[in-house]
Amino acid sequence: MHISMEAGGASYAHNISHRQTESFLIHNHPSYELYYYLSGSASFLINGVEYPLEPHTMMVFAPNVFHGIRVQDDQPYDRHTLHFTADCISLERRPALTRLLPRAEKTGGIPCLRKNMESTAMHALLQEMDVCAAQDAQTQERLAPILLEALISTIALSSAPFETQESLEPEPVTSAQETIITYLNTHFTESITLDGLAEQFFISKHHLNRSFRKATGTTVRDYLIHKRVTYVQQLLINGVPATQAATLAGFGDYTAFYRAYVKRFGHAPSQDRNPTRTTMFNLHEVLREQLVVTPDAYKTMLEEHD
């Protein structure tokens, strides 16, 4: 079964599948993700820790947080997913509701997680999303944002226990793994090699990659590519040309960047570029928010737009 809807800037889906996965499917999203698990035999991988899922478990992930899902058998795997940005929330309620959402820089990527949500209004609201998805496009655009705000509000109103990072991590990431992940998160636009990382952190390349895969579910190379293409998409949306965005993100070869971008998003970079947002204000804003562009790259960018 597959029910989906694109409305109000949000993307909703209700899926039931019957396919086992051999390994964790590591991914991230440039938006928030609300995930509601109903049934099946599945587990999430977050920061190197595997969490078996229980029916009626809800998680909300911050944007650009890597996580993985593994389905352990072919029993019906039933879940709701909702992807949205803060812009999907009305201006008057945005400050109050966004405070209920996780922020990666504060939680270290740990999602807002609550179990035993069957006694709350959340499941009923998600079922209303199914009903809304069957309506005409105009009705969807009108009702989907209302349902989204109600779902976020339910997080605060729920009496289900909130799982803290401490209670979620039976096997926490080691300090060395955390240090390397933090380094990559803040330096991914720079030239990074496995040899260089191994030398910098006094660890063999083999052990580094094995340890990193255990912590994140992916290799150092693939992690960097995910971070870079996600950053390029944000630059494109803010009007930066694709060739320049690829260079700013740390790609040395445009062909390799293009292939990675299409593989990650399923379409060419040109589809995400917003040519109406090439003003210096927007370029300043995106760089200020990301805080990852080197001074030399920033200077070059300003010179090219003078």
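Residues numbered from 1 in each chain as written. Predicted model: local features only at pLDDT ≥ 70, side-chain atom pairs only at ≥ 80, totals over all residues. Heavy atoms only, no water.

**Observations regarding unusual backbone geometry**
Link 1 in the chain: Non-glycine residue His-56 carries a positive phi angle of around 65°.
Link 2 in the chain: With respect to the helices, strands and loops of the structure, His-56 is situated in the loop between strand E6 (49-52) and strand E7 (57-61).
Link 3 in the chain: In this structure His-56 comes out as buried when scored by relative accessible area, which is 17%.
Link 4 in the chain: If you check the backbone angles, Asn-116 has positive phi at about 55° while not being a glycine.
Link 5 in the chain: Assignment of secondary structure puts Asn-116 in the loop between strand E10 (112-114) and helix H3 (122-133). (Helix = DSSP H or I, 4+ residues; strand = E, 2+ residues; numbered from the N terminus. Buried < 20%, exposed > 50% of the residue type's maximum accessible area, 1.4 Å probe, protein only.)

**A look at the pattern of salt bridges**
Once their charged atoms are close, side chains differing in charge can pair, the charge on each being opposite to the other.
Link 1 in the chain: For the structure on display, the rule yields six salt bridges.
Link 2 in the chain: With a closest N to O distance of 3.9 Å, Lys-115 and Glu-54 form a salt bridge. On the criterion of sequence distance, the pair formed by Lys-115 in the loop between E10 and H3 and Glu-54 in the loop between E6 and E7 is long-range, its members being 61 residues apart.
Link 3 in the chain: One network of salt bridges, with partners in common, ties together Glu-92, Arg-93 and Glu-149. (Salt bridge = Lys/Arg side-chain N within 4 Å of Asp/Glu carboxyl O.)

**Describing the nonpolar core**
Link 1 in the chain: Core analysis: the biggest nonpolar cluster contains 34 residues, and Leu-184, Leu-197, Phe-212, Val-232, Phe-251 and Tyr-261 have the highest contact counts within it.
Link 2 in the chain: Where this core is concerned, the elements lending two or more residues are helix H6 (175-187), helix H7 (194-200), helix H8 (205-216), helix H9 (220-237), helix H10 (242-248) and helix H11 (254-265).
Link 3 in the chain: Take this core: its biggest share by element is eight residues, from H9.
Link 4 in the chain: If sequence neighbours within four positions are ignored, Leu-197 has contacts with Tyr-183, Leu-184, Ile-192, Leu-208 and Val-220.
Link 5 in the chain: If you look at the next biggest cluster of nonpolar residues, it comprises 30 residues, including Met-58, Cys-132, Ile-152 and Ile-155. (Core = buried A, V, L, I, M, F, W, Y, C linked by side-chain atoms within 4.5 Å. Contact = heavy atoms within 4.5 Å.)

**A closer look at the sheet that holds strand E9 (residues 77-84)**
Link 1 in the chain: Strands sit in the order E1-E2-E9-E4-E7-E10 across an open sheet of six strands; the sheet is antiparallel. Taken across any chain shown, the strands that pair with only one partner, and hence form the sheet edges, are strand E1 (2-7) and E10. Here the strands of the sheet are splayed against their neighbours by 10° on average, with no regard to which way each runs.
Link 2 in the chain: The pairing of strand E2 (residues 10-17) with E9 spans seven bridges and is classified as antiparallel. Across the sheet, the residue bridging to Ser-11 is His-83, located in E9.
Link 3 in the chain: Of the strands in this sheet, E1, E2, strand E4 (32-39), E7 and E9 are in contact with H3, which crosses E1 at around 80°. (Pairing = 2+ DSSP bridges. Axes fitted to C-alpha atoms, helices over the stretch in contact; angles between N-to-C directions.)

**Notes on H3**
Link 1 in the chain: Along its 12 residues, H3 runs 17 Å from first to last C-alpha, staying within 8% of the 16 Å computed at 1.5 Å per residue.
Link 2 in the chain: Within H3 the residues assigned to the buried category are Met-122, His-123, Leu-125, Leu-126, Met-129, Asp-130, Cys-132 and Ala-133. For H3, the angular spread of the buried residues around the axis is 165°, confining them to a single face.
Link 3 in the chain: Buried residues along H3 sit in contact with E1, E2, E4, E7, E9 and helix H4 (137-157). (Expected span 1.5 Å × (residues − 1). Arc of directions from axis to C-beta.)

**What about the sheet that holds strand E3 (residues 25-27)?**
Note on sheets: strands pair through backbone hydrogen bonds, and any given pair is parallel or antiparallel.
Link 1 in the chain: With antiparallel pairing, the four strands of this open sheet are ordered in space as E3-E8-E5-E6. Strand pairing shows two members of the sheet lacking a second neighbour, E3 and E6, which therefore form its edges. Neighbour-to-neighbour, the strand axes of the sheet open up by a mean angle of 25°, direction not taken into account.
Link 2 in the chain: In this sheet, strand E8 (residues 67-71) lies alongside E3 in antiparallel orientation, the contact comprising three bridges. Paired with Leu-25 across the bridge in E8 is Ile-69.

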